Amino acid sequence: MAEAVPAGLIEADVNITGNQTQIAMAYLQDEKTDGDIANLNLGELDLTTDEFILDEVDTHIQANLEDDLVKEALKTGVDLRQYSKQVEAELQRIEQASIKDYIKESQNIALLHNQITACDSILERMEGMLSGFQSDLSSISSEIQTLQQQSVSMNVRLKNRQAVRSHLSQLVDELVVPGVMISTILESPVTEQEFLEQLHELNTKINFAKELSFRETLACSDIQDIVDRLKLKAVSKIREFILQKIYSFRKPMTNYQIPQNTLLKYRFFYQFLLANERTVAKEIRDEYVDTMSKIYYSYFKSYSGRLLKVQYEEVADKDDLMGSRNTIFTLGQRGAILSPAELEGPILVPHTAQRGDSRYPYETLFRSQHYALLDNGCREYLFLCDFFMVTGNSALDLFNCIMGKTLSMFLKSMSTYVSDCYDSIAIFLCIHIILRFRAITAKRTIPALDKYWDAVLELLWPRFELILEMNIQSIRNTDPQKLGVLDTRPHYITRRYAEFSSAIVSINQTFPNERTIALLGQLQVEVENFVLKMAAEFPSRRDQLIFLINNYDMLLGVLMERAADDSKEVESFQQLLLARTQEFIEEILSPPFGGMIAFVKEAEALMEKGQLDRLKNEEARITQLVRGFSSTWKQSVESMSQDVMRSFTNFKNGTSIIQGALTQLIQYYHGFHKVLNQPTFRSLAVRSELINLHHLMVEVKKHKPNF
């Protein structure tokens with residue numbers, strides 16, 4: 001059911017609607033003229049339709065009800081009609097006030113209107129001016145674009161012209177043959193700096209002319225003739241100059257290094273020939289190779305022959321082995337040849353040595369000869385690489401063409417000498433001279449002599465090993481019974497081995513060789529066996545030990561002078577000497593103190609087993625030992641000391657043995673004290689006769705010899 005609507009509200013709505021219609025009609029009358037209204041065609045609009053009015057009213061009411069003032073009025077119960085009249089009166093008052101304000105400000109409004117009109121005219125003129133500017137700018141932009149295109153085009157043409165000008169200028173400069181060049185090439189000596197400079201320029205023009213001829217440039221034909229004639233003249237003058245320098249090498253007593261240095265200053269001459277006249281370049285190279293090959297061969301052949309005249313006349317032969325009496329196994333001062341000062345020292349001058357009647361071992365002559373070869377070979381190789389502009393295998397081939405004959409002569413003469421040489425130290429020194437020279441050339445990065453060094457070592461190593469094996473065999477075959485009277489002093493064969501082994505070990509330290517170390521090991525074994533065989537010839541063990549100790553001590557003394565203290569040879573003989581010395585101490589203590597030593601050893605063995613009581617009934621033996629020691633020990637020690645010092649050739653070694661014997665004696669007597677302090681023997685009266693151990697040590701020190 002529809003809700004009932006109060007009559008007052010319906011009436012109010014009707015009034016409102018009516019007022020709205022009247023207001024709208026009044027507005028239309030104010031705004032439109034009669035003619036306009038007459039012309040107004042409302043079509044089929046029906047303003048009296050209830051539906052339309054009610055819908056509009058309904059919508060209008062709903063909108064007003066949402067208003068905050070209306071809501072407030074409804075809440076407080078305000079009379080809407082009265083409130084509407086108040087609002088209308090207020091609006092009329094405000095309208096009247098607004099009209100008065102407008103009339104009051106009419107002059108200002110009119111002035112404002114005039115100003116706005118003036119501004120409109122100014123802005124209109126400015127708009128016209130800006131439109132003109134815009135059209136002018138459009139035309140200027142097109143002109144600028146045109147200018148930019150023209151500038152780019154002109155820039156490209158400029159660059160092209162500059163590039164063409166540069167090429168043409170270079171072409172013209174290269175094509176022009178100045179008069180200074182012609183006069184200098186034709187008239188100036190080749191040694192002048194101006195000639196060298198103009199030769200460089202000529203070489204550039206020749207290369208340029210070749211390049212133009214490949215391009216079939218017509219302008220090339222204009223200068224080809226004069227360039228060719230200048231080239232021929234330059235080649236002729238250079239050829240004559242270089243050949244003259246090469247021929248000057250052949251003069252007797254000439255230091256060829258001076259003209260070589262001169263040629264290096266003009267190394268461009270050969271470069272010019274190689275580039276422009278290969279036949280002449282080959283002629284010069286062949287002439288140089290032939291000349292220097294003969295010079296080196298002649299020089300070294302003469303020098304080697306003169307060196308042989310200052311060699312020692314006495315040389316080792318096949319019978320000079322360790323079993324014979326000679327001195328070829330002693331290094332002496334010969335090892336100094338490997339020191340840097342002597343290795344790279346000045347070479348021997350044979351005629352000076354002859355005048356002084358000086359003689360030298362083979363290794364000294366060998367060092368001098370090969371240092372001269374090293375020095376000249378390195379210099380020659382560097383000259384060839386620099387002047388003839390060769391590297392690698394080409395440089396080695398050229399070097400061999402010059403030095404090959406000389407090196408072959410060296411190898412041949414060395415092969416002859418080595419095949420009949422039995423001086424193993426000389427051979428070994430020569431080997432190490434070559435090893436050091438090879439290291440020098442490697443440091444200088446000069447490979448020219450590498451193959452020669454290898455060839456020399458291939459000659460020397462087998463010979464050295466053969467001589468070493470012959471010495472090993474000679475010791476192995478030595479019969480001790482055929483060596484004459486027996487003597488406890490060091491044997492000469494042992495000394496020979498010690499000198500030789502120390503020499504080889506000291507030389508071998510810088511460049512160790514496993515084969516050499518192995519052969520020295522074999523030699524050491526044979527010497528040890530020989531010493532044992534010789535010792536076995538002595539009838540008493542005491543003499544055998546004296547002989548062994550003397551020989552081992554001598555071996556160690558010689559070895560430690562040259563070889564390192566930790567070398568295998570030194571360690572081996574130290575162990576042998578220690579063992580034989582300990583045995584000898586027991587041997588010399590046995591006659592005077594053997595009874596006490598035997599008792600101490602026996603008692604200590606029984607003490608370990610807990611069976612010392614088994615010696616309870618040995619009072620008489622103990623008494624004899626105590627009293628015997630007390631009465632004779634001083635004389636026995638004195639006699640023993642004198643005997644030891646007579647038996648050993650090395651006083652230091654003899655002193656060491658005496659000290660060892662006395663120390664051992666005190667240890668045995670201390671053991672004797674310890675045994676007699678055991679409960680088993682404490683009741684023995686003879687214990688009071690024992691010498692105080694500290695007193696004994698003080699007395700023993702008095703008998704130690706001082707040397």
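Residues numbered from 1 in each chain as written. Predicted model: local features only at pLDDT ≥ 70, side-chain atom pairs only at ≥ 80, totals over all residues. Heavy atoms only, no water.

Our working definition: UniProt positions are given in the numbering used here, feature names are shortened, and annotations may be inferred rather than shown by experiment.
In the nomenclature of an unreviewed UniProt entry, the protein is known as Vacuolar protein sorting-associated protein 52 homolog of Gambusia affinis. We quote the UniProt Sequence similarities (unreviewed entry) comment for the protein here in full: "Belongs to the VPS52 family." One UniProt comment on the protein, placed under Subcellular location (unreviewed entry), says "Golgi apparatus, trans-Golgi network".

### Examining the pattern of salt bridges
Spelled out, the test is: In what follows, salt bridge is the name for a side-chain nitrogen of Lys or Arg lying within 4 Å of a carboxyl oxygen of Asp or Glu. Helical segments are the DSSP runs of H or I of at least four residues, strand segments are the runs of E of at least two, and each set is numbered from the N terminus. Burial classes follow relative accessibility: with a 1.4 Å probe on protein chains only, a residue under 20% of its type's maximum area counts as buried, one over 50% as exposed, and anything between as partly exposed.
A complete count under the given rule lists 23 salt bridges for this structure. Here Arg-93 ties to Glu-90 by a salt bridge, and the two come within 2.0 Å at their closest N and O atoms. One end of the pair is Arg-93 and the other is Glu-90, both in helix H5 (residues 80-104) and 3 residues apart, which spans about a single turn. The partly exposed category is assigned to Glu-90, whose relative accessible area is 36%. Ionic pairing is found between Asp-225 and Arg-229, a salt bridge with its closest N-O pair at 3.4 Å. On the criterion of helical spacing, the pair formed by Asp-225 and Arg-229 is a turn pair, its members being 4 residues apart in helix H9 (residues 220-248).

### Remarks on the layout of surface pockets
Worth spelling out the cut-off: Within this scheme a cavity is a closed region of a 1 Å grid, computed over the protein atoms alone, that accommodates a 1.4 Å probe without allowing it to escape, whereas a pocket is open but has protein on both sides within 12 Å along at least five of seven lines; lining residues each have an atom within 4 Å of a point. Grid points are joined across faces, edges and corners, and a volume is the space filled by probe spheres set on the points. We call Asp, Glu, Lys and Arg charged. Ala, Val, Leu, Ile, Met, Phe, Trp, Tyr, Cys and Pro are nonpolar, and the rest, Gly among them, are polar. Bear in mind that the domain bounds are from an automatic or database domain assignment.
Here the second largest pocket defines a volume of roughly 720 Å³. Counting only elements with at least two residues in the lining of the second largest pocket, the list comes to helix H12 (278-308), helix H14 (350-355) and helix H15 (362-387). For the lining of the second largest pocket, the element with the most residues is H12, which contributes 6 residues. Across the lining of the second largest pocket, the residue classes break down as 12 nonpolar, 7 polar and 4 charged. Counting contributing residues, the lining of the second largest pocket receives three or more from each of domain 2 (181-276) and domain 3 (307-477).

### Describing the side chain of Lys-231
Filter applied, for reference: Two residues qualify as a contact provided that any one of their heavy atoms is within 4.5 Å of a heavy atom in the partner residue.
Within the secondary structure, Lys-231 sits in helix H9. With near-sequence residues (within four places) excluded, Lys-231 lies in contact with Leu-202, Ile-206, Phe-272 and Asn-276.

### Examining the packing of aromatic side chains
For any two aromatic rings, the description comes down to two numbers: the centre-to-centre distance and the angle of the planes. Put simply, the test is: Whether two aromatic rings pair depends on their centres lying within 6.5 Å, for rings of Phe, Tyr and Trp, where Trp uses its six-membered ring; planes under 30 degrees apart make the pair stacked, over 60 edge-to-face, and the rest tilted. Only when the NZ atom of a Lys or the CZ atom of an Arg is both within 6 Å of the ring centre and within 35 degrees of the ring normal do we say a charge sits over the ring.
Under the counting rule described, the total for this entry stands at 37 aromatic pairs. On the basis of an interplanar angle of 5° and a centroid distance of 5.4 Å, the ring pair of Phe-383 and Phe-387 is categorised as stacked. One end of the pair, Phe-383, and the other, Phe-387, are both in helix H15, 4 residues apart, so they sit about a helical turn from each other. By the burial criterion, Phe-383 is buried, and Phe-387 matches it. It is Lys-405 that lies over the ring of Tyr-297; its NZ or CZ is 4.5 Å from the centre. Above the ring of Tyr-422, the side-chain terminus of Arg-463 is found at 4.8 Å from the ring centroid.

### Details of a negative patch on the surface
We count it as follows: Think of a patch as exposed residues, more than 30% relative accessible area, with no salt bridge, where like charges cluster within 9 Å and nonpolar side chains (Val, Leu, Ile, Met, Phe, Trp, Tyr) cluster within 5 Å. Per-residue and other accessible areas were derived by the Shrake-Rupley procedure at a 1.4 Å probe size, with only the shown protein chains allowed to occlude residues. Charge assignment: positive for Lys and Arg, negative for Asp and Glu; neither His nor the chain ends contribute. For charged residues, the charge sits on one atom: NZ in Lys, CZ in Arg, CG in Asp, CD in Glu.
On the surface, a cluster of negative charge is contributed by Glu-192, Glu-194, Glu-197 and Glu-201. Along the chain, the position of Glu-192 falls in the loop between helix H7 (179-187) and helix H8 (193-214). Given a relative accessible area of 36%, Glu-192 falls into the partly exposed group.

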